[in-house]
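# Reading the structure
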Amino acid sequence: MSSYKSTSTPVDTKPKLSATAGVPYDDPTRYRSLAGALQYLTFRRPDITYAVQQVCLFMHDPRVEHMNALKRIIRYMQGTLDYGLHLYPSSTSALVSYTDADWGGCPDTRLSTSGYCMFLGNNLVSWSAKRQSTLSRSSAEVEYRGVANVVLQSCWLCNLVLELHCPIHKATLVYCDNVSAIYLSGNPVQHQRTKHIEMNIHFVREKVARDQVRVCHVPSRYQIADIFTKGSLGLF
């Protein structure tokens with residue numbers, strides 16, 4: 001593919017791929033090998049995380065359309081070989097996270113995809129794009145699951161830097177663009193409409209009450225985690 005024309009984005013902005021779209025690809029082993037190789041690139045290329053996550057969903061039964069999507073990532077990489085993750089000396093006194101989620105984005109199962117990115121000081125240190133394991137009945141619920149996930153990861157990272165003798169004394173800031181999810185994180189009252197949300201994600205309220213986490217609103221146009229849930233380059 002060295003002679004192929006490069007693309008400006010790693011994934012198309014059209015509707016997400018379906019597991020039953022098109023005809024089966026004739027060499028599934030080759031597909032799995034290429035997708036696995038791209039997974040290693042996500043360790044230093046956050047911009048392809050969502051695209052790689054999407055093609056990895058179909059390793060069990062790849063189709064021609066899935067292979068075309070994988071080739072698009074390679075074409076994007078061909079034109080951005082000088083891109084990479086840069087780390088600079090920075091203060092580690094603050095941990096800032098961004099979380100976003102789509103609602104029922106999968107055309108087959110209607111499961112949602114949530115993503116986050118975490119900054120330690122001025123450096124991006126952790127990011128993820130992952131399909132949620134259960135269905136969500138509202139956009140507030142799916143966003144709240146994303147908040148709970150990033151709070152869990154931020155707690156782990158705080159414990160890690162504490163073991164490295166660099167404790168973080170400030171509350172972790174979690175930015176979310178869904179106002180309802182933000183209200184749920186600080187509202188101690190259990191409303192009827194929230195009873196279907198699992199109890200294991202409500203530990204966010206405890207963290208907020210202890211002033212260990214602050215869930216804040218960020219306008220969608222400044223939502224950095226947007227690139228981990230849909231086909232766009234966001235602010236990157």
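This text gives an overview of the structure that appears in the document. (Residues numbered from 1 in each chain as written. Predicted model: local features only at pLDDT ≥ 70, side-chain atom pairs only at ≥ 80, totals over all residues. Heavy atoms only, no water.)

### Focus on the environment of Thr229
- With respect to the helices, strands and loops of the structure, Thr229 is situated in the segment after strand E5 (213-217).
- Linking Thr229 and Ser90, residues 139 residues apart in sequence, is a C-alpha distance of 28 Å.
- Within the local environment of Thr229, its side chain forms a polar contact with the side chain of Lys230, the two groups lying 3.3 Å apart. (Helix = DSSP H or I, 4+ residues; strand = E, 2+ residues; numbered from the N terminus. Polar contact = N/O pair within 3.5 Å; in protein donor to acceptor, adjacent residues only side chain to side chain.)

### Examining a nonpolar patch on the surface
- Where nonpolar side chains cluster on the molecular surface, the patch consists of Trp156, Leu160 and Leu164 and spans about 330 Å² of accessible area.
- Looking at the element boundaries, Leu164 is found in the loop between helix H4 (139-163) and strand E4 (172-176). (Patch = residues over 30% accessible without salt bridge, like charges linked within 9 Å, V, L, I, M, F, W, Y side chains within 5 Å. Areas by Shrake-Rupley, 256 points an atom, 1.4 Å probe, with all protein chains shown as cover. Salt bridge = Lys/Arg side-chain N within 4 Å of Asp/Glu carboxyl O.)

### Description of the side chain of Thr113
- Position of Thr113 among the secondary structure elements: in strand E2 (residues 113-120).
- We classify Thr113 as buried; its relative accessible area is 3%.
- With sequence-adjacent residues up to four places away left out, Thr113 is seen in contact with Lys16, Gln53, Gln54, Asp100, Ala101, Asp102, Lys130, Arg131, Phe228 and Thr229. (Buried < 20%, exposed > 50% of the residue type's maximum accessible area, 1.4 Å probe, protein only. Contact = heavy atoms within 4.5 Å.)

### Remarks on the sheet that holds E2
- Reading across the sheet, the five strands line up as E3-E2-E1-E4-E5 and stay open at both edges, with mixed pairing between neighbours. Edge positions in the sheet fall to strand E3 (123-131) and E5, since each has one partner strand and no second. Pairwise comparison of adjacent strand axes, ignoring direction, gives a mean angle of 20° for this sheet.
- As judged from the three bridges shared by strand E1 (residues 95-101) and E4, these two strands associate in the parallel manner. Looking at the pairing, Ser97 lines up with Val174 of E4.
- Across the sheet, helix H2 (residues 49-56) is in contact with E2 and E3; its angle to E3 comes to roughly 30°.
- Contacts between H4 and the sheet are confined to E1, E2, E3, E4 and E5, with E1 contributing the most and set at about 155° to the helix. (Pairing = 2+ DSSP bridges. Axes fitted to C-alpha atoms, helices over the stretch in contact; angles between N-to-C directions.)

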